[in-house]
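# What the coordinates show
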Amino acid sequence: MTALVSLVVAEHDHASIKPATLNTVTAALACGGEVHVLVAGANAAEAAKAAAQIAGVTKVIAADSPSLAENLAENVAAQVLAIASNYSHILFPSTANGKNVAPRVAAKLDVAQISDITKVDSPDTFERPIYAGNAIATVQSSDATKVITVRTTGFDAASATGGSAAIETAEGVADSGKSAFVGREVTKSERPELTAAKIIVSGGRALGSAEKFTEVMAPLADKLNAGLGASRAAVDAGYAPNDWQVGQTGKIVAPQLYIAAGISGAIQHLAGMKDSKVIVAINKDEEAPIFSVADYGLVADLFVAVPELVKAL
Ligand SMILES: Cc1cc2nc3c(=O)[nH]c(=O)nc-3n(C[C@H](O)[C@H](O)[C@H](O)COP(=O)(O)OP(=O)(O)OC[C@H]3O[C@@H](n4cnc5c(N)ncnc54)[C@H](O)[C@@H]3O)c2cc1C
């Protein structure tokens, strides 16, 4: 097909649209042409209505089926494939969900997936970070359908309101029978989720124990209504839970403010946070590489500096 029409596969909880969808819509708009959003869910009319409000979206395709209730990748991929021939571009947010579905779609369409794009140069040319963000690859694809995952921190969020897209229903796919939903254990936290947090405070190995991590870092996060992050060294040592890890093998974040305390700034950590708008580093070693990306650096003992900061806020 020649006309440019992009399909964004929405990330949602059946009632509302998750923020990662909004950044993905911005990437889709940059591909040129119309942007449609697929809401594949069960009793997800509210999510479809929310998707129709997103600025720049011209059509929402609502596929409703019990088979789509738990986001099983096999079923969602089949739903995307059922309408894939209408599209020049199919975009997923580069989230755990998106990365679970996109490769299945690309494989079935026999095209190369274009992963983790941070910029659209033209409808067939994209930029993506490689080597933990130390180089940018410019990738041109000659495939008929571009199947893309979008690094959400690379694109501003489209406005969640202001649009008035038509909602079209599509028949929901039958259950593939290849996988079954068994259960879900969800971490409940009062704090903002890392990838959506406007402010993140992160601690490193220097904290020394889980008790100290909580005692020193949590009050600062509470004061700033921030998400809590950690370096891999802190996670591996058991000072912080796994889903707090920021970096190449953790979460990629770009909050308005990132405060790193007792983190050296290894390239694998920087890969996950260096696009943050303002970076503050607290480290007792003035040579620590974290200072090379910091907007504000404080050479100090974090066990003194962080409580003082909390008191001053
Ligand atoms: C394939 C691969 C993937 C990886 N992925 C990740 C990843 O996703 N995320 C990640 O973070 N790392 C990752 N790493 C690990 C990374 O290389 C580093 O080992 C890790 O980031 C170091 O964590 P850290 O800065 O907390 O610890 P350290 O490097 O030990 O640094 C501790 C810092 O605390 C400072 N300090 C000590 N005491 C105090 C004090 N009292 N007050 C103030 N400062 C103090 C020290 O000066 C030092 O700079 C990865 C590594 C590999 C090989």
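These notes cover the structure that comes with them. All values reported here derive from a predicted model rather than from experimental measurement.

## Quick notes on the pattern of salt bridges
- As enumerated under the stated definition, the model contains 11 salt bridges in all.
- Here Glu-193 makes a salt bridge to Lys-251, at a shortest N to O gap of 3.6 Å. A residue pair is termed long-range when its members are at least 10 positions apart, and Glu-193 in the loop between β10 (166-171) and β11 (199-203) and Lys-251 in the loop between α6 (232-236) and β13 (257-261) qualify at 58 residues.
- Asp-236 is the salt-bridge partner of Arg-232, the closest N and O atoms lying 3.4 Å from each other. Here Arg-232 pairs with Asp-236, and both are found in helix α6, just four residues apart, close to one helical turn.
- Residue classification places Arg-232 among the partly exposed residues on the basis of a relative accessible area of 45%.
- Through salt bridges with shared partners, a single ionic network connects Lys-119, Asp-121 and Glu-127.

## A few points about empty space enclosed by the protein
- Counted by the stated rule, this structure contains one cavity of 30 Å³ or more.
- The volume enclosed by the largest cavity comes to roughly 120 Å³.
- What lines the largest cavity is a set of 13 residues, among which Val-9, Ala-10, Asn-71, Val-76 and Asn-97 lie closest to the centre.
- At the level of secondary structure, the elements contributing two or more residues to the lining of the largest cavity comprise β2 (34-41), β4 (89-93) and α4 (96-109).
- Considering each element in turn, the lining of the largest cavity owes the most residues, three residues, to α4.
- The class makeup of the residues in the lining of the largest cavity is eight nonpolar, four polar and one charged.

## A closer look at unusual backbone geometry
- The backbone of Asn-71 sits at a positive phi, close to 60°, despite the residue not being glycine.
- Here Asn-71 lies in the loop between β3 (59-64) and α3 (73-83).
- A relative accessible area of 25% places Asn-71 in the partly exposed class.
- At Ala-132, a position not held by glycine, the phi torsion is positive, near 55°.
- A residue is classified by how much of its surface remains accessible, and Ala-132, at 18% relative accessible area, is buried.

## Some points on the nonpolar core
- In this structure, Val-25, Val-37, Val-39, Ile-54, Val-57, Val-60 and Ile-117 are the most contacted members of the largest nonpolar core, which totals 30 residues.
- Counting residues per element, the ones that place at least two in this core are α1 (19-30), β2, α2 (45-52), β3, β5 (113-117) and β9 (146-150).
- Setting aside its immediate chain neighbours within four residues, Val-60 contacts Val-37, Val-39, Ala-48, Ala-51, Ala-52, Ala-165, Ala-166, Ile-167 and Glu-168.

## Some thoughts on the layout of surface pockets
- Its boundaries defined by the atoms lining it, the second largest pocket holds a volume of some 390 Å³.
- Its residues placed into classes, the lining of the second largest pocket shows five nonpolar, three polar and seven charged.

Criteria and cut-off values
Residues numbered from 1 in each chain as written. Predicted model: local features only at pLDDT ≥ 70, side-chain atom pairs only at ≥ 80, totals over all residues. Heavy atoms only, no water. Salt bridge = Lys/Arg side-chain N within 4 Å of Asp/Glu carboxyl O. Helix = DSSP H or I, 4+ residues; strand = E, 2+ residues; numbered from the N terminus. Buried < 20%, exposed > 50% of the residue type's maximum accessible area, 1.4 Å probe, protein only. 1 Å grid on protein atoms, 1.4 Å probe; cavity = no way out; pocket = protein on both sides within 12 Å on 5 of 7 lines; lining within 4 Å. Points joined across faces, edges and corners; volume = space filled by probe spheres on them. Nonpolar A, V, L, I, M, F, W, Y, C, P; charged D, E, K, R; others polar. Core = buried A, V, L, I, M, F, W, Y, C linked by side-chain atoms within 4.5 Å. Contact = heavy atoms within 4.5 Å.

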